[in-house]
Amino acid sequence: MKKSKKSHAIIVLIVLLLALAIGYAAFSSTLTINGTATGTSDWEVVFESATLKNAEGGTDADHGTASVTTTTNTNDTITASIELAYPGDGVILEAVVKNNGSVPAELTNFDITGDTSDADFEIVQSSIAEGETIDAGGTCTAQFAIKWKADSTATDLETKTFTITYEYTQDTTEFNTTPTHTDA
């Protein structure tokens, strides 16, 4: 009889285990996530326009010309021919920088070089500053005053050559987070 009770107990345990396995299988499921990720961006920071302006902000063709020229397939150079008439005369060179790309651009370097330390000639830069950002599709306007110094005793201002250089880099923030899980 003891053997029979043990056999019945083993059979009952096997039946219970099978019932638990079938119950677990009936109430379990598998979830699958399928996906793809792609990334595209465009980088194109260019000069949109260049004009000469008078002190009141109006167009000033009397002082020469300024235009955007293309090198290496982008509008990355402004060529200006400025004619000043007398000591104290000046003109504003206005440059519009446009971000045609899809990535924000940050001004990382701004430099004026050339004949800028002459006793008779001066370039006064605008308030554009390193770290300034142009959003994708946005613009930034910078102005520079080019002047024949008023205290100059020169009767002729020799040809002066100068270069204004902008350097931009992408202004992006790295995705940096830890995934979390919450129970409902």
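Note that this is a predicted model, so its numbers are computed, not measured.

Student: Please set out the sheet that holds strand β7 (residues 133-134) residue by residue, giving values where relevant.
Tutor: Pairing is antiparallel across the open sheet formed by three strands, whose spatial order is β7-β5-β9. The open sheet is flanked by β7 and β9 (162-170), the only strands paired with a single partner.

Student: For the side chain of K160, give the residues involved together with the corresponding values.
Tutor: Along the chain, K160 turns up in the loop between β8 (139-148) and β9. Not counting the four nearest positions on each side in its chain, K160 is found in contact with D115, D118 and F121.

Student: Account for a nonpolar patch on the surface, naming residues and giving values.
Tutor: Together, I10, I14, L18 and I22 line one region of the surface with nonpolar side chains, adding up to about 410 Å² of accessible area. Among the residues examined, I22 registers a relative accessible area of 59% and is labelled exposed.

Student: If you had to explain the nonpolar core to someone new, which residues and values would you point to?
Tutor: If you look at the biggest cluster of nonpolar residues, it comprises 27 residues, and the most contacted ones within it are F110, I128, F144, I146, Y166 and Y168. Of all the elements in the fold, those that place two or more residues in this core are β1 (45-53), β4 (90-99), β5 (105-114), β6 (121-124), β8 and β9. With five residues, the top contributor of residues to this core is β8. Apart from the residues within four sequence positions on either side, F144 is in contact with V91, I92, L93, F110, I112, I123, V124, Q125, S126, I164 and Y166.

Student: Could you give me a rundown of the pattern of salt bridges, with the residues and numbers involved?
Tutor: Opposite charge on two side chains permits them to pair, given that their charged atoms come into close proximity. One pass over the structure, following the stated rule, counts three salt bridges. Here E122 and K147 are joined by a salt bridge, their closest N and O atoms 3.6 Å apart. With E122 in strand β6 and K147 in strand β8, this residue pair connects regions lying 25 residues apart in the sequence. Relative accessible area serves as the criterion here: at 33%, K147 is assigned to the partly exposed category.

Student: Before we move on, can you summarise the packing of aromatic side chains with the specific residues and values?
Tutor: This model, assessed by the stated rule, comprises three aromatic pairs. The interplanar angle of 25° and the centroid separation of 6.3 Å between the aromatic rings of Y166 and Y168 together place this pair among those described as stacked. No difference in accessibility class separates Y166 from Y168, as the two residues are buried. Clustering of aromatic rings is evident, with ring pairs tying together F47, Y166 and Y168.

Student: Please set out the sheet that holds β4 residue by residue, giving values where relevant.
Tutor: Taken together, the four strands give an open sheet; going across it, the order is β1-β4-β8-β6, and neighbouring strands pair in antiparallel fashion. Both outer strands of the open sheet, β1 and β6, are each paired with one neighbouring strand and no more. Taking each pair of neighbouring strands and ignoring which way they run, the sheet shows an average axis angle of 20°.

Student: Residues and numbers for the pairing of β8, please.
Tutor: Every second residue of β8 is oriented toward a common face, the buried set being C140, A142, F144, I146 and W148 and the non-buried set T139, T141, Q143, A145 and K147. As defined by bridge partners, β6 adjoins β8 across four bridges and the pair is classed as antiparallel. Looking at the pairing, F121 lines up with W148 of β8.

Student: So, the confidence of the model for the protein: which residues are in play, and what are the values?
Tutor: It should be kept in mind that the predicted coordinates are not to be read in detail where pLDDT is low. Of the residues in the protein, 97% reach a pLDDT of 70 or more, and the chain-wide mean stands at 84. Mean pLDDT values for the elements of the protein range from 79 in helix α1 (residues 2-26) up to 92 in β7.

The rules we used
Residues numbered from 1 in each chain as written. Predicted model: local features only at pLDDT ≥ 70, side-chain atom pairs only at ≥ 80, totals over all residues. Heavy atoms only, no water. Pairing = 2+ DSSP bridges. Helix = DSSP H or I, 4+ residues; strand = E, 2+ residues; numbered from the N terminus. Contact = heavy atoms within 4.5 Å. Patch = residues over 30% accessible without salt bridge, like charges linked within 9 Å, V, L, I, M, F, W, Y side chains within 5 Å. Areas by Shrake-Rupley, 256 points an atom, 1.4 Å probe, with all protein chains shown as cover. Salt bridge = Lys/Arg side-chain N within 4 Å of Asp/Glu carboxyl O. Buried < 20%, exposed > 50% of the residue type's maximum accessible area, 1.4 Å probe, protein only. Core = buried A, V, L, I, M, F, W, Y, C linked by side-chain atoms within 4.5 Å. Phe/Tyr/Trp six-rings, centres within 6.5 Å; stacked < 30°, edge-to-face > 60°. Axes fitted to C-alpha atoms, helices over the stretch in contact; angles between N-to-C directions. pLDDT = per-residue confidence, 0-100.

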